[in-house]
Amino acid sequence: MTVNQIVDELRATRPTAGEALRLQVLTLASAPPVTSPSLGDRLRGRRRFLLALPAAAALAVASAVAIGVTRPDATTQEASAPATSVEATRSIGAAQAPSTALAGPTADASTARGKTTPGPVPGRAQRYSASLTLAVDDTDALSEATQRALSIARDLGGYVVSVQYATGTEGAASLTLRVPSARAADAVTRLSGLGTIVSQNVQIDDLQESLDTLDGQLQRLRAQIAALNVALERADTAAERARLLERRAQAQAQLSELRASRAATAEAARNATIQLELRTEEGSGVAAPGSRLDRAVDKALAILAWEAVVVLALAVALAPVALVALAVWGARRARRRREEERLLAAS
Amino acid sequence: MTLEQPLATRPPASLAEAAEDHLDDVFGYLLYLTRDRETAEDLASSTFEKALRLWSRFDARRGSARTWLLGIARTTALDWFRSESRRRRREEAAALSERVEESFVEGLSPELETALASLSAGEREVLALRIVLELDGDATARVLGISPTAVSTRLSRALKRLEERVNEG
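Counting starts from 1 at the beginning of each chain's written sequence and moves along it residue by residue. Naming scheme: in the order in which they are written, chains are lettered from A and ligands are numbered from 1. Two thresholds apply to this predicted model, a pLDDT of at least 70 for residue-level local features and 80 or more for giving and counting side-chain atom pairs, whereas whole-chain, interface and lining totals are computed over all residues.

Here's the deal with the overall build of chain B
Okay, so step 1: What counts as a helix is a DSSP run of H or I of at least four residues, what counts as a strand is a run of E of at least two, and both are numbered from the N terminus. Each helix and strand in chain B was counted, giving eight helices and zero strands.
Okay, so step 2: If you list the helices and strands of chain B from N to C, you get α-α-α-α-α-α-α-α.
Okay, so step 3: Burial is judged by counting other C-beta atoms within 10 Å of a residue's own C-beta: 20 or more means buried, 12 or fewer means exposed, and anything between counts as partly exposed, with every C-beta placed from the backbone. Looking at chain B residue by residue over its 169 residues, the buried ones come to 38%.
Okay, so step 4: Distance between backbone-placed C-beta atoms decides contact: two residues are in contact if it is within 7 Å. Sequence separation of at least 24 residues holds for 70% of the intrachain contacts in chain B that already meet a minimum separation of 6.

Next comes the structure, spelled out in structure tokens:
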């Protein structure tokens, strides 16, 4: 008997199910499903995994876009505005810092407006010095910002010490303003709004100690002069009278010097000096902040990059576990296959 | 290009339709595997019970209903072989051969029937799938969980052995 004859005979005698079995199976198969497939059933196994991957990617992108759109400024500020530093060089009394400096470039003028600008402590004599560099769009904006700076100084009861204004391919203006110390912080805040802050420096020196020392010296000198006047009235000889007059003249000269010194110190504490530099964008050396859309895209990309780093870290961390699980799965599958082969070979 | 598939390859709308089309295939396969008509009928019934529970998972894009049902039939048969093996080991008696009918396929010549009985279940199942049910190599490979090349090799060996046994007798 040849192989072809065997094949023909096998095909010719193909088994068929008996009527009883057919009836039983068809009755069984016609019944409604035991349970309706749940969502979990429908999405099980590889299909669920294949669906989960794009779903997770879509969620990551959507969250990045959502955060980028709703908080476009956060990254810009964090990236370009270093932490503002406040340094106290020496202390006086329990809580008062005599010299405090605050400096730092800020890309967004809003960060410098109002709340972050320090001011003199009320009730203490302090010299307040601030320097501010701002970038403006073009020469027109430069002119307007200069005018508004002068106006701000006047509005706050101050005055302009000097103004230098120059325009060409790039424009720049340099203003020295003096405003009452009590309104210095307000002035810096308002001036900050005239452009994009490139750099800002605020210096506060405490002068109260010097003033107190000068007052003490003045008081002692006045007492000394009064004592000299009394001694002059009681002087008996011309020689003694001449010596007392000379001492009184020296004391009065010292008193004048001390008065002038005190007046200068009080004047320094009374008015703050603000040095304002205005430059057009080209000359500022700082890129202008992009549009809201650009910042939103930057923010979204930054978040996506962060998400990618997290996913990569997770992949690196879980890779050994996944490899072991894969090896175990493969070994179990191979073992089951061998067991089935043995079972079928032995039957 | 037609939007509808040909009738022969169109996936069944229900398990009842699939059972109508493929019950003979499932039964024939199980009969060749077990060499016992009664056992094959029991296993065929169990196969469709399982199929009813799993019908919601059937995906026509991943294979035909016939292949899917034969895969369930194979799993059911392997479970049966395992339990039989345990039972035989436990009782150390009542060998399977005692229950096997002399003629498990109607119409086969006695020498071919004897030769088939001498083959292993693994050899009989590849003959059943490829020769009797005329499944192609890929579908057979899917049912057996092996590569199409392995199917060809296994079929070639089984046919050669069957030919030898037939001609020996």
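Description of the interface of chain A and chain B
Okay, so step 1: Each partner contributes residues to the interface: chain A has 33 residues there, and chain B has 43 residues.
Okay, so step 2: Looking at the side of chain A that touches chain B, the elements that each hand over two or more residues are helix 1 (3–12), helix 2 (19–30) and helix 11 (292–346) of chain A.
Okay, so step 3: Among the elements that line the side of chain A that touches chain B, the one with the most residues is helix 2 of chain A, at eight residues.

Quick word on the environment of Ala66(A)
Residues and elements named next belong to chain A.
Okay, so step 1: Along the chain, Ala66 turns up in helix 4 (residues 45–70).
Okay, so step 2: Assessed through the 13 C-beta atoms surrounding it within 10 Å, Ala66 is described here as partly exposed.
Okay, so step 3: With 233 residues separating them in the primary sequence, Ala66 and Lys299 have C-alpha atoms 9.8 Å apart.

Brief notes about the confidence of the model for chain A
Residues and elements named next belong to chain A.
Okay, so step 1: The predictor attaches a confidence to each residue, called pLDDT, with possible values from 0 through 100. Averaged over every residue, the pLDDT of chain A is 79; the share at 70 or more is 79%.
Okay, so step 2: Confidence over residues 75–97 falls short of pLDDT 50; this stretch has 35 contacts with residues more than four positions distant or in other chains.
Okay, so step 3: Taken together, the stretch residues 105–115 has pLDDT below 50 and engages in 34 contacts with residues farther than four places along the chain or on a different chain.

Comments concerning the pairing of strand 7 (residues 271–280) of chain A
Residues and elements named next belong to chain A.
Okay, so step 1: Counting buried positions over the 10 residues of strand 7 gives seven, a clear majority of the element.
Okay, so step 2: As paired strands, strand 3 (residues 126–136) and strand 7 are joined by eight bridges and run parallel to one another. Among the inter-strand pairings, Ala130 is bridged to a residue of strand 7, identified as Ile274.
Okay, so step 3: Here the rule is simple: two strands pair whenever DSSP picks up at least two bridges between them. Relative to strand 7, strand 5 (residues 172–180) runs antiparallel, the two being bridged by nine bridges. Note on strand 7: the bridge partner recorded for Val179 is Ala272.

Notes on the nonpolar core
Okay, so step 1: Of all hydrophobic cores here, the largest spans 53 residues; its most connected members are Tyr29(B), Leu30(B) and Ala44(B).
Okay, so step 2: Looking at this core, the element that brings in the most residues is helix 1 (residues 15–34) of chain B, giving 11 residues.
Okay, so step 3: Apart from residues lying up to four places away in sequence, Leu30(B) is in contact with Ala40(B), Leu43(B), Ala44(B), Ala73(B) and Ala77(B).
Okay, so step 4: Formed by 28 residues, the second largest nonpolar core is a distinct cluster that contains Leu134(A), Val136(A), Leu191(A) and Ile274(A). Note on definitions: a nonpolar core is a set of buried residues drawn from Ala, Val, Leu, Ile, Met, Phe, Trp, Tyr and Cys, linked by C-beta atoms within 7 Å.

What to know about helix 3 (residues 65–91) of chain B
Okay, so step 1: Over its 27 residues, helix 3 of chain B runs 39 Å from end to end, which matches the ideal 39 Å to within 8%, given 1.5 Å per residue.
Okay, so step 2: Lining the buried residues of helix 3 of chain B we find helix 1, helix 2 (37–54) and helix 7 (137–144) of chain B. By definition here, a helix of n residues has an expected span of 1.5 Å times n minus one.

Examining the confidence of the model for chain B
Low pLDDT marks stretches whose predicted atomic positions should not be read closely.
Okay, so step 1: Scored by pLDDT, chain B has a mean of 85; 88% of the residues are at 70 or more.
Okay, so step 2: At the level of chain-chain contacts, confidence expressed as ipTM amounts to 0.83, with global pTM at 0.49.

Considerations on helix 6 (residues 121–132) of chain B
Okay, so step 1: In terms of burial, helix 6 of chain B is largely enclosed, as 12 of its 12 residues are buried.
Okay, so step 2: Here helix 6 of chain B has its buried residues at Ala121(B), Gly122(B), Glu123(B), Arg124(B), Glu125(B), Val126(B), Leu127(B), Ala128(B), Leu129(B), Arg130(B), Ile131(B) and Val132(B).
Okay, so step 3: Those residues of helix 6 of chain B that are buried are in contact with helix 1 and helix 11 of chain A together with helix 1, helix 5 (110–118), helix 7 and helix 8 (148–168) of chain B.
Okay, so step 4: Glu134(B), located one to two residues past helix 6 of chain B, shows a positive phi value of around 60°.

Focus: the environment of Asp186(A)
Residue and element names in this part refer to chain A.
Okay, so step 1: Tracing the backbone through its elements, the reader meets Asp186 in helix 7 (residues 184–192).
Okay, so step 2: Under the C-beta neighbour-count criterion, Asp186 is labelled partly exposed, with 17 such atoms within 10 Å.
Okay, so step 3: Sequence-wise, Asp186 and Ile152 are 34 residues apart; in three dimensions their C-alpha atoms are separated by 9.7 Å.

Some details on the packing of helix 2 of chain A against helix 2 of chain B
Okay, so step 1: At a minimum axis distance of 9 Å, the contact between helix 2 of chain A and helix 2 of chain B shows a crossing angle of 10°. Taken together, helix 2 of chain A and helix 2 of chain B sit at an angle that is classed as roughly parallel. Within the contact between the two elements, helix 2 of chain A uses Leu21(A), Gln24(A), Val25(A), Leu28(A) and Ala29(A) and helix 2 of chain B uses Glu41(B), Ala44(B), Ser45(B), Phe48(B), Glu49(B) and Leu52(B). As a rule, the C-alpha atoms of each element are fitted with a line to give its axis, helices using only the stretch in contact, and angles between N-to-C directions run from 0 to 180 degrees. When describing relative orientation, an angle under 35 degrees is termed roughly parallel and one over 145 degrees roughly antiparallel, while 65 to 115 degrees is termed roughly perpendicular and anything else oblique.

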